[in-house]
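# Architecture and fold: a report
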Amino acid sequence: MVCCSRTSTSAGGPPGQEGAAAAWPSDRLQVVAYAALLEEHTGRVIPEGRVRYHADNTMVRVSIDAQARTDLQQAIGRARALQLSVERPPVAENERLCVRCSLAPVCLPEEARLAQHADYKTLRLFPADDDRQVVHVLTPGARVGRKGDQLEVTAKEIEPQRYPVHEVGQVVLHGFAQITTQALRLCAERDIGVHMVTMGGRYMGTWVAGAGPVQRRIRQYKALTEPAVCLRLSRQLTEARARGQLSVLLRTSRDVGRATDAVKAAISSIRKLLHPLAHAASLDSLRGYEGSIAAHYFSALPDVIAPDVGAAMRPDGRSRRPPRDRCNALLSFGYALLLKDVMNAILVVGLDPALGFYHQPRSQAHPLALDLMELFRVPLVDLPVLASINRRQWHETEDFQIAGQQVWLSEAGHKKFIHIYERRKTDQWKHPVIGHALSYARLMELEVRLLEKEWMHEGGLFARMRLR
Ligand code: SF4
């Protein structure tokens, strides 16, 4: 007899044992495999195995008969075929298997079932939050080193700060902060993203160890070289961003009671453009509609700011490189941090940021990261920037540096912005389709994983997030 222990039995029984407690199919195969190994080793025939389920206080018998041996051979054959295949198998039919599976947060079986059946009620298997912190190193001349299993940040005249490595999700080096090779190795071993951002607020790059999962990237290349796939994903993406911009203006007119002519005109124009945007026949026409919507949105943005906020904090259109007013300096720095976070999520999932579906590979920035940023610009940057200006959190001189027509954040301004941005990432938000609340930090990774499902025959949920 072979015995193993488990926590609970399956509901109902296998054919021929209706009403009796039965072993889970995977447990049954495991018992048969143990029996086969023991038979080979001892030379004795084993007629029966048993599984004990502690939660139900039940012992279940498993016959080691001809059928069980055939089932085992078939399962071994299937496992060998899967090992050789580069295709990912579909999610398990038995959803109870997924509840305790450690792969559930990357496999997203519940979301795959929801994509196939719109009325499916999902269980939460994707964690709502990421407890690991992002270490921003801003002090000029600061250095990140390794001290055992901790990252240590040292700088002149500042007490060394230590961070246990299991509590760190990312390290962001601003300006000319340094990092040692020992610390880089530790970050690579623990999958900690190391990013560089200039003090001018430009994202410079990310340290990545290894080539990434090649088969996953090959599937991405195949899908994103299909013009029809790119157009469909781009429509979903730009519609999500446009509806986010519209909801900012609607909130202003409804909740805050500042329905100025500029806000009303922008709302009306954006509404008219939503339908053609969602049905655009080409990427070029889609870019045209998206550009028009962005122009209407930014033209109304000064009116989203409270009337008693000084003129110095009001934006004058959108100016990027360089920003020409304080509001644009805040937006630009926020978008640089967002680009860094989206890059981190793409690399965690294992996609190639260099191949996107909407943005063209014209600049140094990675097109897929630029694509995915569109989903989060409004909730993670625009809204916190506008709210912080309306709360009068910014000091017009101490938080900014003005050089001719260029406006940058000062060191104090950078610190304040990072605090606001990182807090925003921890805000929980209920996904309207999946039905669970999760932090924006986790939402970024979820959207990248949902994007990958778009070419895994489990799509339909990407870019369905909507601001209320
Ligand atoms: S979570 Fe994914 S890998 Fe795990 S049992 Fe379910 S379908 Fe299989």
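I will try to describe carefully the structure that is included in this document.

What counts, and at which threshold
- Residues numbered from 1 in each chain as written.
- Predicted model: local features only at pLDDT ≥ 70, side-chain atom pairs only at ≥ 80, totals over all residues.
- Heavy atoms only, no water.
- Salt bridge = Lys/Arg side-chain N within 4 Å of Asp/Glu carboxyl O.
- Buried < 20%, exposed > 50% of the residue type's maximum accessible area, 1.4 Å probe, protein only.
- Helix = DSSP H or I, 4+ residues; strand = E, 2+ residues; numbered from the N terminus.
- Pairing = 2+ DSSP bridges.
- Axes fitted to C-alpha atoms, helices over the stretch in contact; angles between N-to-C directions.
- Contact = heavy atoms within 4.5 Å.
- Phe/Tyr/Trp six-rings, centres within 6.5 Å; stacked < 30°, edge-to-face > 60°.
- Lys NZ or Arg CZ within 6 Å of the ring centre and 35° of its normal.
- Patch = residues over 30% accessible without salt bridge, like charges linked within 9 Å, V, L, I, M, F, W, Y side chains within 5 Å.
- Areas by Shrake-Rupley, 256 points an atom, 1.4 Å probe, with all protein chains shown as cover.
- Polar contact = N/O pair within 3.5 Å; in protein donor to acceptor, adjacent residues only side chain to side chain.

### Concerning the pattern of salt bridges
Tallied over the full model, the rule gives 26 salt bridges. Between Asp341 and Lys340 there is a salt bridge, with its nearest N and O atoms 2.9 Å apart. Like Asp341, the residue Lys340 is buried in the burial classification. Here Lys416 ties to Asp399 by a salt bridge, and the two come within 2.7 Å at their closest N and O atoms. Here the residue Lys416 occupies a position in helix H13 (residues 411-426), and Asp399 occupies one in the loop between helix H12 (367-390) and strand E12 (400-403), the gap between them amounting to 17 residues. Taking relative accessible area as the criterion, Lys416 reaches 27% and is therefore assigned partly exposed.

### Some points on the sheet that holds strand E4 (residues 133-137)
One open sheet holds the four strands; their spatial order is E4-E8-E10-E11, and the pairing between them is mixed. Since the sheet does not close on itself, it has two edges, and those belong to E4 and strand E11 (203-207), each with one partner. On average, each strand axis in the sheet is tilted by 20 degrees relative to the strand beside it, whichever way the strands run. Relative to strand E8 (residues 168-174), E4 runs parallel, the two being bridged by five bridges.

### So, the sheet that holds strand E9 (residues 178-179)
With respect to topology, four strands assemble into an open sheet ordered E7-E6-E5-E9, the strand pairing being mixed. Here the strands that pair on one side only, and so sit at the sheet edges, are strand E7 (158-164) and E9. Alignment of strand E6 (residues 150-155) against E7, held across five bridges, turns out to be antiparallel. Pairing of Glu152 across the sheet is with Arg162, part of E7. Against the sheet, helix H6 (residues 181-189) contacts strand E5 (143-147), E6 and E9, and its axis sits at roughly 70 degrees relative to E5.

### Describing the packing of aromatic side chains
Across all of its chains, the model carries seven aromatic pairs by this definition. The interplanar angle of 55 degrees and the centroid separation of 6.0 Å between the aromatic rings of Trp394 and Phe400 together place this pair among those described as tilted. A relative accessible area of 5% means that Phe400 is categorised as buried. Three or more aromatic residues joined by ring pairs form one cluster here, namely Phe333, Trp394, Phe400, Phe417 and Tyr421. When the ring centre of Phe400 is taken as origin, the NZ or CZ atom of Arg326, which lies over that ring, is 5.7 Å away. Between Arg377 and the ring centre of Tyr335, over which it is positioned, the NZ or CZ distance is 4.6 Å.

### A look at the side chain of Ser388
If you trace the backbone, Ser388 turns up in helix H12. Judged by relative accessible area, which is 1%, Ser388 ranks as buried. The residues contacting Ser388, other than those within four sequence positions of it, are Gln393, Trp394 and Ile420.

### Comments concerning the environment of Asn390
Following the sequence through the fold, Asn390 ends up in helix H12. Here Asn390 falls in the partly exposed class, since its relative accessible area comes to 23%. With 77 residues separating them in the primary sequence, Asn390 and Met313 have C-alpha atoms 9.4 Å apart. Those residues in contact with Asn390 that lie beyond four places of it in its chain are Arg258, Val304, Ile305, Ala306 and Val309.

### Notes on a nonpolar patch on the surface
Together, Val214, Ile218 and Tyr221 make up a nonpolar patch on the protein surface, roughly 240 Å² of accessible area in all. Among the secondary structure elements, Tyr221 is positioned in helix H7 (residues 214-224).

### With respect to the environment of His359
Its location among the elements puts His359 in the loop between helix H11 (326-349) and H12. In this structure the C-alpha to C-alpha distance between His359 and Ala369, which are ten residues apart in sequence, comes to 9.1 Å. For His359, the residues in contact, after removing those within four places along its chain, are Pro367, Leu370, Asp371 and Glu374. Reaching out from His359, the side chain makes a polar contact with the side chain of Glu374 at a distance of 3.4 Å.

### Examining the environment of Pro323
By the secondary structure assignment, Pro323 is in the loop between helix H10 (283-300) and H11. For Pro323, a relative accessible area of 2% gives the class buried. The spatial distance from the C-alpha of Pro323 to the C-alpha of Trp408 is 7.2 Å, given a sequence separation of 85 residues. Residues contacting Pro323, with those up to four places away along its chain left out, are Asn328, Ala329, Ser332, Gln405, Gln406, Val407 and Trp408.

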